[in-house]
Amino acid sequence: MKNRSFIYLLILFVSFAFSGCVSDAEEDFMLIADKIKGEGSGGSGSCPVGKWKTATCNGAGSLVYNFGSNGEGYSENPDCNGICTPLRFHFKYTVSGNTISYSYTRTDDVICSGQNQGRPNVPTGSYTINFTCQNGGAELVTEVSTNGVRRTTVFTRM
């Protein structure tokens, strides 16, 4: 049951479509070739580098993405019930134009009610997400298409 729950969460996470606790957002990005410049793709000259959030858990939590300047980062999805530490998935990413390509490298332990529940499996494969930076680099707008359904999510810089 624990594996099945994780698989469902991962599917939602990768498609960036979260429901309820995992709902109000879309998702879980190898080395940066160049920093993106210009309003359409970079705004501040460092977009998407930085820490970004979007509301989830019906506004009580945030889905967080952190893109390090070294091409490594993580995504963090909260437990909307407040019982467990957020799920954290580390990745390596590259940016080409307005596309982020990423693959997961590891996960962190999940602690629920003070008990270590272990680490979720590391998702395999490579993923991409299209993005634009707006509002002078203060917003990261992502677009993902899953099974023909296009989803757009706005993240704000933290």
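Only a predicted model underlies this, so the values are computations on that prediction, with no experimental measurement involved.

Rules and cut-offs
- Residues numbered from 1 in each chain as written.
- Predicted model: local features only at pLDDT ≥ 70, side-chain atom pairs only at ≥ 80, totals over all residues.
- Heavy atoms only, no water.
- Pairing = 2+ DSSP bridges.
- Helix = DSSP H or I, 4+ residues; strand = E, 2+ residues; numbered from the N terminus.
- Axes fitted to C-alpha atoms, helices over the stretch in contact; angles between N-to-C directions.
- Core = buried A, V, L, I, M, F, W, Y, C linked by side-chain atoms within 4.5 Å.
- Buried < 20%, exposed > 50% of the residue type's maximum accessible area, 1.4 Å probe, protein only.
- Salt bridge = Lys/Arg side-chain N within 4 Å of Asp/Glu carboxyl O.
- Disulfide = S-S within 2.5 Å.
- Phe/Tyr/Trp six-rings, centres within 6.5 Å; stacked < 30°, edge-to-face > 60°.

**So, the sheet that holds strand E5 (residues 99-107)**
Here we have eight strands rolled up into a closed barrel, ordered E1-E2-E3-E4-E5-E8-E9-E10, and antiparallel in their pairing. For this sheet the average axis-to-axis angle between neighbouring strands, irrespective of direction, equals 35°. Here four bridges tie E5 to strand E8 (residues 127-134), and the two strands are oriented antiparallel to one another. Within E8, the position partnered with Tyr102 by the bridge is Tyr127.

**What to know about the nonpolar core**
Within the largest apolar cluster, 23 residues are counted, with the highest numbers of intra-cluster contacts made by Phe67, Phe91, Tyr93, Ile100, Tyr102 and Leu140. Where this core is concerned, the elements lending two or more residues are strand E2 (61-67), strand E4 (87-96), E5, E8 and strand E9 (139-146).

**Overview of the pattern of salt bridges**
Opposite charge on two side chains permits them to pair, given that their charged atoms come into close proximity. Summed over all chains, the structure comprises five salt bridges. Among the ionic pairs, Asp109 bridges to Arg119, the shortest N-O distance being 2.8 Å. Note that Asp109 is positioned in the loop between E5 and strand E6 (111-112) and Arg119 in the loop between strand E7 (115-116) and E8, a separation of ten residues in sequence. Each of Glu76, Arg88, Arg106 and Asp108 takes part in one network of salt bridges that share partners.

**Quick look at the state of the cysteines**
With the rule as written, the count across this model stands at three disulfides. Here Cys57 is linked by a disulfide to Cys80, with a sulfur-sulfur distance of 1.8 Å. The sign of the S-S torsion, about -80°, decides the handedness of the disulfide formed by Cys57 and Cys80: left-handed. Pair noted here: Cys57 is in the loop between strand E1 (50-56) and E2 and Cys80 is in the loop between strand E3 (72-77) and E4, with a separation of 23 residues, a long-range link. Among the residues examined, Cys57 registers a relative accessible area of 8% and is labelled buried. A relative accessible area of 26% places Cys80 in the partly exposed class. One disulfide bridge connects Cys84 with Cys112, the sulfur atoms lying 1.8 Å from each other. The S-S bond linking Cys84 to Cys112 shows a torsion near 105°; that makes this disulfide right-handed. Residue Cys84 is found in the loop between E3 and E4, and its partner Cys112 is found in strand E6; the two are separated by 28 residues along the sequence. When the cysteines of the protein that form disulfides are numbered from the N-terminus onward, they connect as 1-6, 2-3, 4-5.

**Here we look at the packing of aromatic side chains**
Evaluation of the coordinates by the stated rule reveals twelve aromatic pairs. On the numbers, 5.5 Å between centres and 80° between planes, the contact of Tyr65 with Phe155 is edge-to-face. Of this pair, Tyr65 sits in strand E2 while Phe155 sits in strand E10 (residues 149-157), and the two are 90 residues apart along the sequence. Judged by centre distance (5.6 Å) and plane angle (65°), the ring pair of Tyr104 and Tyr127 falls under edge-to-face. Here Tyr127 lies in strand E8 and Tyr104 lies in strand E5, a separation of 23 residues in the sequence. Overall, Tyr104 belongs to the buried group, its relative accessible area being 7%. Under the relative-accessibility criterion, Tyr127 is labelled buried at 18%. Feature note: the residues Tyr65, Phe67, Phe89, Phe91, Tyr93, Tyr102, Tyr104, Tyr127 and Phe155 constitute an aromatic cluster, connected by ring pairs.

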